[in-house]
Amino acid sequence: MTQPADNSIGGAALRRVAWRLIPFLGVLYFFAFLDRVNVGFAALTMNVDLGISAAAFGIGSGIFFIGYILCEVPSNVLLERFGARIWIARIMISWGVLSAAMAFVQGPKSFYAVRFLLGIAEAGFFPGIIFYLTCWFPSQHRARIIALFMIALPLSSVIGAPISTSLLGIEALGLRGWQWMFLLEAIPTIVLGVAVLAVLPDRPADARWLGDDEKRWLQAELAREHSGSTHGHASSLREALMLPRVWRNGLVYFCILVGLYGFSFWLPQIIASLGGMSNVQVGLLTMIPYSLACIALVLWGRHSDATEERSWHVALPMLLGAAALTVSGWTREPVVAFVALCLAAVGIYSGLPSFWALASRGLQGAAAAGAIALINSLGNFGGFLGPAAIGFAKTYTNSYAASLLFIAVLLAIGAVLLISDAGKVLERQQDRLEHGEQGAPDNQH
């Protein structure tokens, strides 16, 4: 599942860690994202039942991220202090309970309240996992490892779309289909939260399934990486939060997540607007863009590791997503619009592993936990803006065209930020070479 290391012990250690951790972490992320975005499928019937307008749905979908952002950095710092095993279990159990509570919202106000609390409960999960992976995998292997973990992101929609839309047809015990969907999809999250306590070791030294020589190699390799260069690195939380590149990466991630969550929360309704389809047909069609995104995410992550380049592996997919969303919003041909949506999914998702490989470089310990959480917090403002923007635009224009163009513009801005910064990094490296300076290159690309 990962590239061979410099020797047989190292290669065996990395393969064992990958096989032990990545499938389990992927399952956790699968249900994390499903419980976050299944509201998009519920909206096909819930909005009518509860009298929720498009604008109110957009606000409710996005308000999740307000609670999430407020608690993100504290949660990740506590994860570093208490250990991933205990803290991730706490996160999953609490958000599973609140996800089930979504079945009992009565209108816009309770919808807003539960979504806000759900964001607080889930805060720290994703950046916590990214931080956790930095404690197990050296940076040169990280993009493909993050890609294998993050395949759960589009896969949750590939599998979740037909399941969620099928559950909408249930009418039993006085509950509507969307209520059963929230309840049934929350149960695995709670069960997995309990399983984390038994399955997930905090660090390589705690892994009983690693041999002593494999533990020593992995710990030495990670220590060597952290001590091999100090250029642009940070060892304390305060230093990490003051690094310009951390804030730049947060802004880029903001642009990405405007696209990702605007796309994810509204895709079922956008597809439904293309023609007369049943909910099940909408679910089946929704699988296609996400299936293509799964493939692209893994292949592009592998290519990023093989070339050891990060910035362009993030920027080019963002530009593809921007172009595809523009076409989808403004064409009147349903087939062309759907093909463009498929390309938009590829563009939005495939650069994510390279982004996090780039963003986590040069960080360790509390610095890594805090900086990764800050980047994720800044980015998740986009999780509020994207769905809300589409909701307001749909309410006032009765069309998705303007909002999709808005998302496309932000994706393009994020790509330009990365491209311009990559150029500056190359110039600095060239200057050092011309002046005969030694040392590690900047860790921006």
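Structure: see above.
Residues numbered from 1 in each chain as written. Predicted model: local features only at pLDDT ≥ 70, side-chain atom pairs only at ≥ 80, totals over all residues. Heavy atoms only, no water.

Draft legend 1. Region of interest: the overall build of the protein chain. In terms of helices and strands, the protein chain carries 18 helices and 0 strands. The 445 residues of the protein chain split such that 59% are buried. Partitioning the intrachain contacts of the protein chain with sequence separation of at least 6 by distance along the chain shows that 82% fall at a separation of at least 24. (Helix = DSSP H or I, 4+ residues; strand = E, 2+ residues; numbered from the N terminus. Buried < 20%, exposed > 50% of the residue type's maximum accessible area, 1.4 Å probe, protein only. Contact = heavy atoms within 4.5 Å.)

Draft legend 2. A look at the side chain of Ser-164. Mapping Ser-164 onto the fold places it in helix H8 (residues 152–167). Here Glu-185 takes part through its side chain, which lies 2.7 Å from a polar atom of the side chain of Ser-164. In this structure, Ser-164 is in contact with Leu-34, Asn-38, Phe-41, Met-181 and Glu-185, ignoring residues within four places of it in sequence. (Polar contact = N/O pair within 3.5 Å; in protein donor to acceptor, adjacent residues only side chain to side chain.)

Draft legend 3. Inspection of unusual backbone geometry at higher detail. Residue Leu-173 is not a glycine yet carries a positive backbone phi of 55 degrees. Structurally, Leu-173 is set in the loop between H8 and helix H9 (177–199). Classification of Leu-173 by relative accessible area gives exposed; the value is 78%. In this structure, Glu-308 is a non-glycine residue whose phi angle is positive, near 55 degrees. If you trace the backbone, Glu-308 turns up in the loop between helix H13 (279–307) and helix H14 (311–330).

Draft legend 4. Geometry of the environment of Thr-189. Topologically, Thr-189 is positioned in helix H9. Residue Thr-189 is classed as buried on the basis of its relative accessible area, which comes to 0%. Along the chain, Thr-189 and Ser-94 lie 95 residues apart, while their C-alpha atoms are 9.3 Å from each other.

Draft legend 5. Expanded view of the packing of helix H6 (residues 125–134) against helix H7 (residues 142–150). At a minimum axis separation of 11 Å, H6 and H7 run at an interaxial angle of 140 degrees. Classed by the angle they form, the pair H6 and H7 counts as oblique. Note that H6 runs across H7; the crossing there is right-handed. Two secondary-structure elements touch here, H6 through Phe-126, Ile-129, Ile-130, Leu-133 and Thr-134 and H7 through Arg-142, Ile-145, Ile-146, Phe-149 and Met-150. Of the residues belonging to the contact of H6 with H7, the class tally is 8 nonpolar, 1 polar and 1 charged. (Axes fitted to C-alpha atoms, helices over the stretch in contact; angles between N-to-C directions. Parallel < 35°, antiparallel > 145°, perpendicular 65-115°, else oblique. Left-handed = near helix turned anticlockwise from the far one by under 90°. Nonpolar A, V, L, I, M, F, W, Y, C, P; charged D, E, K, R; others polar.)

Draft legend 6. Inspection of the packing of aromatic side chains at higher detail. Summed over all chains, the structure comprises 21 aromatic pairs. Aromatic pair Phe-82 and Trp-87: ring centres 6.0 Å apart, planes at 15 degrees, arrangement stacked. For Phe-82, a relative accessible area of 47% puts it in the partly exposed group. On the accessibility criterion, Trp-87 (15% relative accessible area) is buried. Taken together, the aromatic side chains of Tyr-29, Trp-95, Phe-125, Phe-126, Phe-149, Tyr-253, Phe-355 and Trp-356 make up a single cluster linked through ring pairs. Its guanidinium or amino end placed over the ring of Trp-87, Arg-90 lies 4.6 Å from that ring's centre, counting from NZ or CZ. (Phe/Tyr/Trp six-rings, centres within 6.5 Å; stacked < 30°, edge-to-face > 60°. Lys NZ or Arg CZ within 6 Å of the ring centre and 35° of its normal.)

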